[in-house]
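Chains, contacts and geometry: an overview
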Amino acid sequence: LGLIVLTNLQIRVYQDNLTFYSSAVAWSPMARTPYHNLGGVYESMARNLPDTPPNQQVRVQFFQLAVTHYKKAIELSPRMLDPLTRLAFLEWEQG
């Protein structure tokens, strides 16, 4: 019975990438990879929003969250190239 309860609780963590990587950041705040992956999730969410006026502000917020998480990954591991590359591209793209 205990295993069933634990399994059901864990399934909620894996329901989507945002929930999974947010949980990973909470569990391992000094690990760089969850921050990088969470940045990627927010970047993807921003890019996948329909291009309508109500979504423009949300898109900006998602991009800002992506930048914040990429910067944290870089802070934890300055030589990790993926977040450096993504951050540079986002900053270039956003102007």
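If you're wondering where the values come from, they're calculated on a predicted model, not measured in any experiment.

Let us look at the pattern of salt bridges. Counting across every chain of the model gives five salt bridges. Where Arg 47 meets Glu 43, a salt bridge forms, and the shortest distance between an N and an O atom there is 3.1 Å. Separated by four residues within a single helix, Arg 47 and Glu 43 lie in helix α3 (residues 32-48), roughly one turn from each other. By relative accessible area, which is 36% here, Arg 47 ends up partly exposed.

Moving on to the packing of aromatic side chains. This structure, assessed with the given rule, holds three aromatic pairs. Note on Phe 20 and Tyr 21: the rings are 5.0 Å apart at their centroids and 75° apart in plane angle, and the pair reads as edge-to-face. Assessed through its relative accessible area of 26%, Phe 20 is described here as partly exposed. Judged by centre distance (5.9 Å) and plane angle (35°), the rings of Phe 89 and Trp 92 are tilted. Of this pair, Phe 89 and Trp 92 both sit in helix α5 (residues 81-94), three residues apart, roughly one helical turn. For Phe 89, a relative accessible area of 33% corresponds to the partly exposed category. By relative accessible area, Trp 92 is classed as exposed at 65%. Positioned over the ring face of Tyr 35 is Lys 72, at 6.0 Å from the centre of the ring.

Right, let's talk about α3 for a bit. Helix length check: α3, at 17 residues, gives a terminal C-alpha distance of 25 Å against a target of 24 Å (1.5 Å per residue), a fit within 8%. Of the surrounding elements, those touching the buried residues of α3 are α2 (17-27), α4 (53-76) and α5.

A word on the nonpolar core. Grouped together as the largest cluster of nonpolar side chains are 15 residues, with contacts concentrated most on Tyr 42, Phe 62, Ala 66, Tyr 70, Leu 87 and Leu 90. Within the residue set of this core, elements represented by two or more residues are α3, α4 and α5. For this core, the element with the most residues is α4, which contributes seven residues. Leave out the neighbours within four places in its chain, and Leu 90 touches Glu 43, Arg 47, Phe 63, Ala 66, Val 67 and Tyr 70.

Quick notes on the rules
- Residues numbered from 1 in each chain as written.
- Predicted model: local features only at pLDDT ≥ 70, side-chain atom pairs only at ≥ 80, totals over all residues.
- Heavy atoms only, no water.
- Salt bridge = Lys/Arg side-chain N within 4 Å of Asp/Glu carboxyl O.
- Helix = DSSP H or I, 4+ residues; strand = E, 2+ residues; numbered from the N terminus.
- Buried < 20%, exposed > 50% of the residue type's maximum accessible area, 1.4 Å probe, protein only.
- Phe/Tyr/Trp six-rings, centres within 6.5 Å; stacked < 30°, edge-to-face > 60°.
- Lys NZ or Arg CZ within 6 Å of the ring centre and 35° of its normal.
- Expected span 1.5 Å × (residues − 1).
- Contact = heavy atoms within 4.5 Å.
- Core = buried A, V, L, I, M, F, W, Y, C linked by side-chain atoms within 4.5 Å.

None of this, on its own, says anything about what the molecule does.
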